[in-house]
Amino acid sequence: MATPSNYHRVETPAHLQQLLSADLHRVSVLYFRADWAEPCKTMDNVTTELATRWDQVLFLSIEAEALPDISESFEVDAVPYFILLRGHTLLTRLSGAQPAVLSAALKSHASKPSTLASSSHQPVAAKTVYQPGEQASGAPEARGTVAGGAQDDDDEDDVDEESDEELQKRCEALMTQSDVVLFMKGDRNTPRCGFSQKIVGILEGHKVDYTTFDILNDEGVRQKLKEINEWPTFPQLVIKGEFVGGLDVVKEMEEAGELLEMIQG
Ligand SMILES: N[C@@H](CCC(=O)N[C@@H](CS)C(=O)NCC(=O)O)C(=O)O
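Keep in mind it's a predicted model, so treat the numbers as computed, not measured.

## Remarks on helix 4 (residues 99–110)
A rise of 1.5 Å per residue sets the reference length of helix 4, with its 12 residues, at 16 Å; its end C-alpha atoms lie 16 Å apart and thus fit the reference within 8%. The complete set of buried residues in helix 4 reads Leu-102, Ser-103, Ala-105, Leu-106, His-109 and Ala-110. Viewed end-on, helix 4 has its buried residues packed into an arc of 155 degrees, placing them on one side of the element. For helix 4, exposure combined with an orientation more than 90 degrees from the buried face picks out Ala-100 and Lys-107. Residues of helix 4 that are buried make contact with strand 2 (27–33), helix 2 (38–53), strand 3 (58–63), strand 4 (81–86) and strand 5 (89–95).

Now the structure itself:
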């Protein structure tokens, strides 16, 4: 399919600013992607198709790892990832390859007359304003939510909250669920971060028998493991219940021949 005229590949932060500033009433879809991520292939097609349907919406594809300043300013922590803006105002964010949810988000935000934002009122759905060079999201409640940000915290009142002790026990159980456990973003078939993808490549290359846990699906485990293992990032590799390190450590161990030794020993 030919690239629609409202679909652009962002080259630099300044280019993004220029595209967004051209029309402050226009809705934009920022699509954070990476070539190696399989789900992005699907979302490349989905976004191209949506762009032909929503020709008044600006679709901007952004190479998440090649443009870290943009990814970090929008707190993008995995690919694919979508940010909907009106001008520079954050409407909603969506993590993962969910065509129906993205389409619903467009319906919810882009079908509103664009003059709404030009009136003296703030857009109803607006969470915050993206200032170049600043954090885009001052709206933690919008993180990880889906179209329309319509999730209601009250709905979760019925669910028993996990105590810190329970969470600690659950993390310990996860860390010992098999001899080799990889805490990562995504899973071995669909890694959602380049670091996770590379560590999977190392383990697969050595035909290691391992299990994975997707920390993007469990914010409690994500934060608790950082504390337990005193390690601020993912991936985290655990061998026989013992925390080993992230990608850089595992790479070094592989080069020194220590990785297989630890797994097999
Ligand atoms: N050099 C690190 C790179 C890992 C990294 O920087 N991970 C980031 C981005 S995927 C991370 O996990 N940030 C914390 C988070 O997302 O919770 C390693 O050796 O593993």
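## Description of the domain arrangement of the protein chain
Domains assigned within the protein chain are domain 1 (7–154) and domain 2 (160–264). The interface of domain 1 with domain 2 comprises 10 residues on the first partner and nine residues on the second. Of the roughly 740 Å² buried between domain 1 and domain 2 on both sides combined, carbon and sulfur atoms contribute 49%. Where domain 1 touches domain 2, the interface holds six residue pairs in polar contact (both at pLDDT 80 or more). Within the side of domain 1 that touches domain 2, the residues separate by chemical class into six nonpolar, two polar and two charged.

## With respect to the environment of Cys-171
Inspection of the secondary structure puts Cys-171 in helix 5 (residues 164–175). Sequence separation of Cys-171 and Asn-189 is 18 residues, and the distance between their C-alpha atoms is 23 Å. Setting aside residues no more than four positions away along its own chain, Cys-171 makes contact with Val-221, Lys-224, Leu-225 and Ile-228.

## A few points about the nonpolar core
Soluble globular proteins tend to bury their nonpolar side chains together. Of all hydrophobic cores here, the largest spans 41 residues; its most connected members are Leu-30, Phe-32, Phe-59, Phe-74 and Leu-106. Where this core is concerned, the elements lending two or more residues are helix 1 (13–21), strand 2, helix 2, strand 3, strand 4, strand 5 and helix 4. In this view, Leu-30 contacts Leu-16, Leu-20, Leu-60, Ile-62, Phe-74, Tyr-81, Phe-82, Ile-83 and Leu-85; residues no more than four positions away in its chain are not counted. Membership of the second largest hydrophobic core comes to 17 residues, among which are Val-180, Leu-203, Ile-239 and Val-250.

## Re the sheet that holds strand 10 (residues 242–245)
With mixed pairing, the four strands of this open sheet are ordered in space as 8-7-9-10. Two strands lie at the open edges of the sheet, namely strand 8 (211–214) and strand 10, each paired on one side alone. Shown here is a sheet whose adjacent strand axes are inclined to one another by a mean of 25 degrees, direction ignored.

## Structural notes on the pattern of salt bridges
For the coordinates displayed, the defined rule picks out 14 salt bridges. The salt bridge partner of Arg-170 is Glu-162, with a shortest N-O separation of 2.6 Å. With a shortest N-O distance of 3.4 Å, Glu-219 and Arg-222 are connected by a salt bridge. Residue Glu-219 and its partner Arg-222 are both found in helix 7 (residues 219–228); the two are separated by three residues, about one turn of the helix. Looking at Glu-219, the relative accessible area reads 44%, which means it is partly exposed. A residue is classified by how much of its surface remains accessible, and Arg-222, at 10% relative accessible area, is buried. Among the ionic contacts, a cluster of salt bridges with common partners joins Arg-9, Arg-33, Asp-35, Asp-44 and Glu-63.

What counts and how
- Residues numbered from 1 in each chain as written.
- Predicted model: local features only at pLDDT ≥ 70, side-chain atom pairs only at ≥ 80, totals over all residues.
- Heavy atoms only, no water.
- Helix = DSSP H or I, 4+ residues; strand = E, 2+ residues; numbered from the N terminus.
- Expected span 1.5 Å × (residues − 1).
- Buried < 20%, exposed > 50% of the residue type's maximum accessible area, 1.4 Å probe, protein only.
- Arc of directions from axis to C-beta.
- Contact = heavy atoms within 4.5 Å.
- Domains from an automatic or database assignment.
- Buried area = accessible area lost by both parts, 1.4 Å probe.
- Polar contact = N/O pair within 3.5 Å; in protein donor to acceptor, adjacent residues only side chain to side chain.
- Nonpolar A, V, L, I, M, F, W, Y, C, P; charged D, E, K, R; others polar.
- Core = buried A, V, L, I, M, F, W, Y, C linked by side-chain atoms within 4.5 Å.
- Pairing = 2+ DSSP bridges.
- Axes fitted to C-alpha atoms, helices over the stretch in contact; angles between N-to-C directions.
- Salt bridge = Lys/Arg side-chain N within 4 Å of Asp/Glu carboxyl O.

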